[in-house]
Amino acid sequence: MPEPRIACSTVSLRGVDAVASYQSAYREAFGAEALFELNYEWELDSPEQVPGLRGAVVSVHAPCPRSANFPNLGSRDPSVLRGSLEDIRRSAETAAAFGAGFVVLHPGYTLDIAVPVDTSRRLAALVRHAGAEARYVWSQGGSICAPGYCESAEYQRHREQAAANLAEAARLCADEGIALAVENLNPRVTYLFQLPAELVRVAHAVPQLGLCVDLGHLWISSLVHGFDFLHGLRDVLSTGRVVSAHVHDNGSQLGTRVSEHVVDAPPDGSRFGDDHFAIGRGGVPIAAAVHQLRRAGVGTLVVETLDPPLESVRRLARMLGR
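These numbers were taken from a predicted model, which means no experiment stands behind them.

Peer 1: What's the story with the side chain of Thr305 in this structure? I'm lost.
Peer 2: One can find Thr305 in the loop between strand S12 (300-303) and helix H9 (310-319). Since its relative accessible area comes to 1%, Thr305 is described here as buried. Of note is the side chain of Thr305, whose polar atom sits 2.9 Å from the backbone nitrogen of Asp307. Ignoring sequence-local partners within four residues, the contact set of Thr305 consists of Val11, Ser12, His248, His276, Phe277, Ala278 and Ser312.

See the structure below:
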């Protein structure tokens, strides 16, 4: 079975100079050329603008290049849906231009509005919506959802809307010779596809769709929704459709005294955050997860940390016995 490729998300590499510096450090450390996933804040759509990146990009994260909004396939607003599909199509064009194989997609939200890429505007929009859905907010910090949120009627309506639109999104990517991989999201009010079972279901419903399992997101979801992290990962891998994994650590944890009932605040001592820490800074059992990913034949592991990435790449390489 071929060994997985290790790539680095440009989320921690701000600009062309940072990419070049990382390429140089990687070459010195490994004696090989670095691989990348272009993240949703990447602004260039041509490899001619960045010497050395043609053939070094394995995937792009929609929208790529950067757009005003994230794709939101859960929207019932026709204009938002049209804009979302166009951003996915442009992302596939970017992927093809750089020689990448697939587009990674956050599939959608329990919102009909366009969801801004700009962090402050996005959080403001999500907080406004979370205020309207206060009964589902478990932790005000980050608008972490309560257990049971994924069974709410509002969530399920938007999830089915997103699932129905994924076939068209996958077709637009396929027209560019690019695959589409849906990523699981973290347990925040308005975010869809938080549960392993939802990825399994959509993989069966849309045969041309791939999956990207985000380990940090899966870890937070396992704490909030009460499933076993490694069992959930195994369920997603059992589809045979996982083409990539986002590898990063996370410091979220449940408190020592956990209430049996959902209240206005999370259990005493709990802490939740989508940290994107370097490997080893949090509590995610990454080595065990990487073992599962490797055995399942997942072809690409993307280090997606906000910390300087090279040490995480080294640790991941050691986990793979390199």
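Further notes follow.
Peer 1: Got a minute to help me understand the state of the cysteines in this structure?
Peer 2: Among covalent bonds in proteins, the disulfide is the one between the sulfur atoms of two cysteines. Overall, the coordinates contain zero disulfides when judged by the stated rule. The thiol of Cys150 is not disulfide-bonded; the next cysteine sulfur, from Cys145, is found 5.6 Å away. Its sulfur unpaired, Cys173 is 12 Å from the next cysteine sulfur, which belongs to Cys64.

Peer 1: For this particular structure, what's the right way to read the packing of helix H7 (residues 229-237) against helix H8 (residues 286-295)?
Peer 2: Between two packed helices, what matters for the description is the angle formed by their axes and the separation of those axes. Taken N-terminus to C-terminus, the directions of H7 and H8 make an angle of 15°; their axes are 10 Å apart at the nearest point. Taken together, the axes of H7 and H8 are roughly parallel relative to one another. Crossing handedness for the pair H7 and H8: right-handed. The segment H7 lies against H8, with Phe229, Leu230, Leu233, Arg234 and Leu237 engaging Ala288, Ala289, Gln292 and Leu293. Residue classes in the contact of H7 with H8 are distributed as seven nonpolar, one polar and one charged.

Peer 1: Help me understand the pattern of salt bridges, please; the structure alone is not making it clear to me.
Peer 2: When their charged atoms lie close together, side chains carrying opposite charge are able to pair. Per the stated rule, a full pass over the model turns up 20 salt bridges. Across the salt bridge formed by Arg157 and Glu154, the nearest N and O atoms sit 2.7 Å from each other. Within this pair, Arg157 and its partner Glu154 are both found in helix H4 (residues 153-175), separated by three residues, close to a single helical turn. The salt bridge partner of Arg271 is Asp275, with a shortest N-O separation of 2.7 Å. The class for Arg271 is partly exposed, based on a relative accessible area of 34%. Judged by relative accessible area, which is 12%, Asp275 ranks as buried. Here the residues in one salt-bridge network are Glu311, Arg314, Arg315 and Arg318, joined through shared partners.

Peer 1: What's the story with the sheet that holds strand S1 (residues 5-9) in this structure? I'm lost.
Peer 2: Across a sheet, strands are paired by hydrogen bonds formed along the backbone, either parallel or antiparallel in direction. If you trace the eight strands once around the closed barrel, you get S1-S2-S3-S5-S9-S10-S11-S12, paired in parallel fashion. Averaged over all adjacent pairs, the angle separating strand axes in this sheet is 30°, with direction ignored. Sheet analysis places strand S3 (residues 57-61) next to strand S5 (residues 102-105), joined by three bridges and oriented parallel. Looking at S5, one finds that His61 is bridged to Val104.

Peer 1: What should I look at first to understand the environment of Glu304 in this one?
Peer 2: For Glu304, the location among the structural elements is in the loop between S12 and H9. For Glu304, a relative accessible area of 7% corresponds to the buried category.

Each value, and the rule that gives it
- Residues numbered from 1 in each chain as written.
- Predicted model: local features only at pLDDT ≥ 70, side-chain atom pairs only at ≥ 80, totals over all residues.
- Heavy atoms only, no water.
- Helix = DSSP H or I, 4+ residues; strand = E, 2+ residues; numbered from the N terminus.
- Buried < 20%, exposed > 50% of the residue type's maximum accessible area, 1.4 Å probe, protein only.
- Polar contact = N/O pair within 3.5 Å; in protein donor to acceptor, adjacent residues only side chain to side chain.
- Contact = heavy atoms within 4.5 Å.
- Disulfide = S-S within 2.5 Å.
- Axes fitted to C-alpha atoms, helices over the stretch in contact; angles between N-to-C directions.
- Parallel < 35°, antiparallel > 145°, perpendicular 65-115°, else oblique.
- Left-handed = near helix turned anticlockwise from the far one by under 90°.
- Nonpolar A, V, L, I, M, F, W, Y, C, P; charged D, E, K, R; others polar.
- Salt bridge = Lys/Arg side-chain N within 4 Å of Asp/Glu carboxyl O.
- Pairing = 2+ DSSP bridges.

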